Amino acid sequence: MKAALVLGLAALTLLTPAATSALSVQEAILLAKPAVALVTAEVRGEVTLNCGRGTVTVRPTPFIETGTGWFVDGKGYLVTNAHVVEPAHRMPPWVIHELKKKAIDQACVDPALRAQGLMRGQRPDLEDSIRRDATARAMATAQVTSRPMLSVLLSSGVSLNAEVVKFSPPLAFDLNGKPSPEAGRDLALLRVKDAVYPAIRVSDREAQIGDPVHIIGFPGVVLSHELLNKSATLEASVTNGAVSGFKQDSIGQDIVQTDAAAAHGNSGGPAVGDDAALLGVMTFTTLTPSGGAIVQGFNFLIPARDVKKFLAGTPVMPGQSKFNDAWQAGLDALFAERYATAVARLAEANALQPNLADVRRVFAEAEARMKNPPPRPFPWAWATLGVTVLSVGVYGGMFGRRWWKNRFRIVPAQVIAAIESGRNPQLVDVRTKTDFETSPLRLPGAVRLDPDAVLAGQPEAEPSAEREQLVVVYDTSPAEATAEKVAQALRARGFKNVRILKGGLGGWTNARLPVESKSYLPSIGLEIYKNLTLGDLERRKFKSGELIVREGDDPRGEAFVVHAGSVQIRRTFDGVEKILSTLGEGELFGELALFRSAPRSADAVAATEVELLVLKAERLDWLIRNRPQLTAEVVRRLANWVVQTDRERALSNH
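Because the structure is a prediction, the values reported are computed rather than measured.

Draft legend 1. Layout of the overall build of the protein chain. Tallying secondary structure elements over the protein chain gives 21 helices and 28 strands in all. Here the protein chain holds 654 residues, and 46% of them are scored as buried. Within the protein chain, contacts between residues at least 6 apart in sequence are counted, and of these 74% link residues at least 24 apart. As presented, the protein chain carries roughly 33000 Å² of accessible surface, and 55% of it is formed by carbon and sulfur atoms.

Draft legend 2. Local environment of the pairing of strand β15 (residues 426-429). Judged by which residues are buried, β15 turns out to be covered on both faces: Q426 and V428 on one side and L427 and D429 on the other are all buried. Sheet topology places β15 next to strand β18 (residues 471-474); four bridges connect them, and they run parallel. Residue pairing for β18: Q426 is matched across the bridge by V471. With two bridges connecting them, β15 and strand β17 (residues 447-448) associate as parallel partners. Residue pairing for β17: D429 is matched across the bridge by R448.

Draft legend 3. Broad picture of the sheet that holds strand β22 (residues 547-549). Taken in spatial order, the four strands line up as β22-β27-β24-β25 in an open sheet, and their pairing is antiparallel. Two strands lie at the open edges of the sheet, namely β22 and β25 (576-583), each paired on one side alone. Each strand axis lies, on average, 35° off the axis of its neighbour in the sheet, ignoring direction. Sheet topology places β22 next to strand β27 (residues 603-606); two bridges connect them, and they run antiparallel. When the sheet's bridge partners are listed, V549 is paired in β27 with A604.

Draft legend 4. View of the packing of helix α4 (residues 93-115) against helix α5 (residues 124-138). Packing of α4 against α5 leaves a shortest axis separation of 10 Å and a crossing angle of 135°. With respect to their mutual orientation, α4 and α5 come out oblique. Considering how the two elements wind past one another, α4 and α5 form a crossing that is right-handed. Contacts between α4 and α5 involve I104, D105, C108, V109, A112 and L113 from the first element and E127, I130, R131, A134, T135 and A138 from the second. Residue composition of the contact of α4 with α5, grouped by class: eight nonpolar, one polar and three charged.

Draft legend 5. A look at the nonpolar core. Grouped together as the largest cluster of nonpolar side chains are 104 residues, with contacts concentrated most on L49, W70, V72, V85, V152, L190 and W327. Looking at this core, the element that brings in the most residues is α4, giving 10 residues.

Draft legend 6. Just the pairing of strand β19 (residues 498-501), in detail. Pairing between strand β14 (residues 409-410) and β19: two bridges, direction parallel. Its bridge partner being in β19, R409 is matched across the sheet by I500. As for the winding sense of the linkage, the β-α-β connection from β18 through helix α16 (residues 481-492) to β19 is right-handed.

Draft legend 7. Up close: the packing of aromatic side chains. Scanning the entire structure with this criterion turns up three aromatic pairs. On the basis of an interplanar angle of 10° and a centroid distance of 4.6 Å, the ring pair of F71 and Y197 is categorised as stacked. One end of the pair, F71, is in strand β3 (residues 63-71); the other, Y197, is in the loop between β7 (187-191) and β8 (212-217), and 126 residues separate them in sequence. Taken individually, F71 and Y197 each receive the classification buried, so the pair is uniform in this respect.

Draft legend 8. Geometry of helix α8 (residues 322-335). If you check α8, its first and last C-alpha atoms are 21 Å apart, about what 14 residues at 1.5 Å a residue would give, namely 20 Å. For α8, the set of buried residues is F323, N324, A326, W327, G330, L331, A333 and L334. The elements touched by buried residues of α8 are α2 (25-32), α9 (339-352) and α10 (357-371). Its side-chain oxygen placed 3.1 Å from the backbone nitrogen of F323, S321 serves as the N-cap of α8. Positioned one or two residues after α8, E337 has a phi angle of 65°, which is positive.

Draft legend 9. Spatial organisation of the pattern of salt bridges. Inspection of the entire model under this criterion finds 43 salt bridges. The salt bridge partner of D73 is K75, with a shortest N-O separation of 3.8 Å. Here K496 ties to E468 by a salt bridge, and the two come within 3.2 Å at their closest N and O atoms. Separated by 28 residues along the polypeptide, K496 in the loop between α16 and β19 and E468 in the loop between α15 (451-455) and β18 bring together distant segments of the chain. If you follow the salt bridges from partner to partner, you end up with D105, D110, R120, E127, D128 and R131 in one network.

Draft legend 10. Molecular detail of the sheet that holds strand β26 (residues 588-589). The strand order β21-β28-β23-β26 describes an open sheet built from four strands, whose pairing is antiparallel. A strand with exactly one partner marks an edge of an open sheet, and here the two such strands are β21 (538-542) and β26. Relative to β26, strand β23 (residues 558-564) runs antiparallel, the two being bridged by two bridges. Among the inter-strand pairings, F560 is bridged to a residue of β26, identified as F589. Lying over the sheet, helix α20 (residues 617-626) contacts β23 and β28 (610-616), oriented at roughly 75° with respect to β28.

Draft legend 11. Up close: the packing of α8 against α9. Two numbers describe how α8 lies on α9: the axes approach to 8 Å, and their chain directions differ by 155°. Classified by the angle their axes make, α8 and α9 are roughly antiparallel. In this structure, α8 crosses over α9, and the sense of that crossing is left-handed. Contacts between α8 and α9 involve K322, F323, D325, A326, W327, A329, G330, L331, A333 and L334 on the former and, on the latter, Y339, T341, A342, R345, L346, E348, A349 and L352. In terms of residue class, the contact of α8 with α9 is made up of 12 nonpolar, two polar and four charged.

Draft legend 12. Layout of the side chain of Q257. By the element assignment, Q257 lies in strand β10 (residues 254-258). According to the relative accessible area criterion, Q257 is buried, its value standing at 1%. In this structure the side chain of Q257 is engaged in a polar contact, spanning 3.3 Å, whose partner is the side chain of K247.

Draft legend 13. Structural view of the state of the cysteines. Tallying each qualifying case throughout the model produces one disulfide. Two residues, C51 and C108, share a disulfide whose sulfurs are 1.8 Å apart. With the S-S bond torsion at -70°, the cross-link from C51 to C108 turns out left-handed. One end of the pair, C51, is in the loop between β1 (36-50) and β2 (55-58); the other, C108, is in helix α4, and 57 residues separate them in sequence. Judged on exposure class, the residue C51 and its partner C108 are both buried.

Draft legend 14. Geometry of α4. Across its 23 residues, α4 extends 33 Å between first and last C-alpha, which sits within 8% of the 33 Å expected from 1.5 Å per residue. Most pronounced at D105, the bend in α4 amounts to some 30°. The positive-phi residue at the C-terminal boundary of α4 is G117, with phi of around 70°.

The rules behind each value
- The numbering scheme is per chain: residues are counted from 1 as the chain's sequence reads.
- Local features in this predicted model are restricted to residues whose pLDDT is 70 or higher, and side-chain atom pairs enter the listing and the counts only when it is 80 or higher, whereas totals over whole chains, interfaces and linings include all residues.
- Calculated side-chain values reflect all of the structure's heavy atoms, with hydrogen atoms and water omitted.
- Helical segments are the DSSP runs of H or I of at least four residues, strand segments are the runs of E of at least two, and each set is numbered from the N terminus.
- Burial status follows relative accessibility: with a 1.4 Å probe on protein chains alone, a residue under 20% of its type maximum counts as buried, one over 50% as exposed, and anything between as partly exposed.
- Any two residues whose heavy atoms approach within 4.5 Å at even a single point are treated as in contact.
- Working definition of accessibility: Shrake-Rupley area with a 1.4 Å probe, residue cover restricted to the visible protein chains.
- Between any two strands, at least two bridges found by DSSP are needed for them to pair.
- Structural elements are reduced to axes, namely lines fitted to C-alpha atoms, with helices fitted over the stretch in contact, and the angle between N-to-C directions of any two is expressed from 0 to 180 degrees.
- Should an angle fall under 35 degrees it is called roughly parallel, over 145 degrees roughly antiparallel, and 65 to 115 degrees roughly perpendicular, with every other angle called oblique.
- What makes a crossing left-handed is the near helix being turned counterclockwise from the far one by less than a right angle; a clockwise turn instead makes it right-handed.
- All amino acids are sorted into three groups, where Ala, Val, Leu, Ile, Met, Phe, Trp, Tyr, Cys and Pro are nonpolar, Asp, Glu, Lys and Arg are charged, and the leftover types, Gly among them, are polar.
- Nonpolar cores were defined as sets of buried Ala, Val, Leu, Ile, Met, Phe, Trp, Tyr and Cys residues, with membership established by side-chain atoms within 4.5 Å.
- The handedness of a crossover follows from its direction of travel: if, with the strands pointing away from the viewer, the path from the first strand over the helix to the second runs clockwise, the crossover is right-handed.
- The rule is short: rings of Phe, Tyr and Trp, with Trp giving its six-membered ring, pair when the centres are within 6.5 Å, and they are stacked under 30 degrees, edge-to-face over 60, tilted in between.
- Expected span, for any helix, means 1.5 Å times one less than how many residues it has.
- Here a polar contact means two N or O atoms within 3.5 Å. Within protein one must be a hydrogen donor candidate and the other an acceptor candidate, and residues neighboring in sequence count only if both atoms are side-chain atoms.
- The working definition used for a salt bridge is a side-chain nitrogen of Lys or Arg within 4 Å of a carboxyl oxygen of Asp or Glu.
- Two cysteine sulfur atoms form a disulfide, by the criterion used here, when they sit within 2.5 Å.
- Think of it this way: the bend at a residue is just the angle between two axes, each fitted to seven residues, one set ending at that residue and the other starting at it.

Rendered as structure tokens:
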């Protein structure tokens, strides 16, 4: 009986399914990760326009979109999302419109203000009038010469020009929420110059519930996080999860649902299994606001079989690469503790495509272990490997509640579609007074309504729009709570087409759509506000005529940003006090004493009632080191001061 029991257990053991992959998670990720690259779509332009003083040509700030791509073979073909490369490939009309608006500010508004001795923000009423006149005069006739460019950045730091060789448009919706007729698979095939590149194999196996998923890419929150070193080597991030369901998109195309985390910037990135083969391509994500924070929801992948269909008829040979052969052999030898072999094969991979971040790190590890082999402990790790079990719940009720909550919501892409179709939607800012006064940013062309006045039923507190016109309200409250109440109140007043901007102001900026300053800040002020958390900063208020800092004082490690009002910088020469400059909202001052580690060089006096943001020396130093655009603005302003000082000296010598 005992022998029979032993034989039965042995038989059950033989019948138990083997592990789906002989690779560890670490090996699988290392095999795929070198093939992942950062894709950048950039649209530069020269705008020729006439502000009324003759034709001029300016170059406004370019539009930039980033996403993730991956080499599908070793000859230089990459796959990414179509929506990542669309701005440079097809150039949506709003990109051209935005370039024109920037050009009008640069060529028309700024010179007109300078001619009157003003800077942006000092006279908002006059500035608005100048901008309206300039827009009416120059917008329709402005000519844009665009220069779109696609580039691929490898983890070695090498940047490659790319071209689109095949394009299947992304899923888009019209104003009524119906899919666009041209909607496709949201895939693009790119080509870079010939060389030997890593490649990811496309799986032949259908994904199953519970399959491990590893999403590799470049989420924007990691690339731009203020606490991370921006000068470090570019390296893709990996998030892990499992296949949690199978769905269809709005036009009936299959998609794979996963709970592996993803964010803006992961678009187009590969999702691989534990065998390092592609399970799907990241296409869109669900982010749910909760308590004021963004909580990761479920994400969706284009299945591997549809990637193969997209590649049909192209010269692509998925997964084939000389680099892969050397790289996998080196990893196999390293994990088998055959360090001399590992060093030789990893060196071969590095010679084929030099200095990729993962190859460089693993190669250094193999060399170190070859010189100093580690002891061989008892293999407790193998004995303690566990099995991760993920349960899948029923989401029907959750999806039903979500539909009910979102029935009046509209995403930023639908707002853009309404603008482009000539519907002329009225954008309405209904942030609370505190939120509105704290942030200097707003949606272009938005009007302001006090939500308390709307909810109180005040007759004048409503948008100046027709009752049938599309009205889009937005705020920054959790789950758009304030906007939802205002929208309900406006519908009760007879406005029949009131929508809530999903994600609010944050959803708009996350979609990389243009924003403008309430008070048209100078560029240095706009860069500072973009990189500061206002709730964490000390604020100080001064009455008109009150002294803020005195010449010769210790700076005490503080610089200041003018949040409201204006400040005069004064200095006494030969007993005569002279006003050196007048600074308006968004201007930085007091930083020179910090840069020089010296006492204050001039007095700062409140010209009006002033509210200042206090910028500590260590914070300013961090921003200078880690925010290149802000650094460029500071250097540009210092250069202008030097030129002005030299000019004044030359005049005084005469």
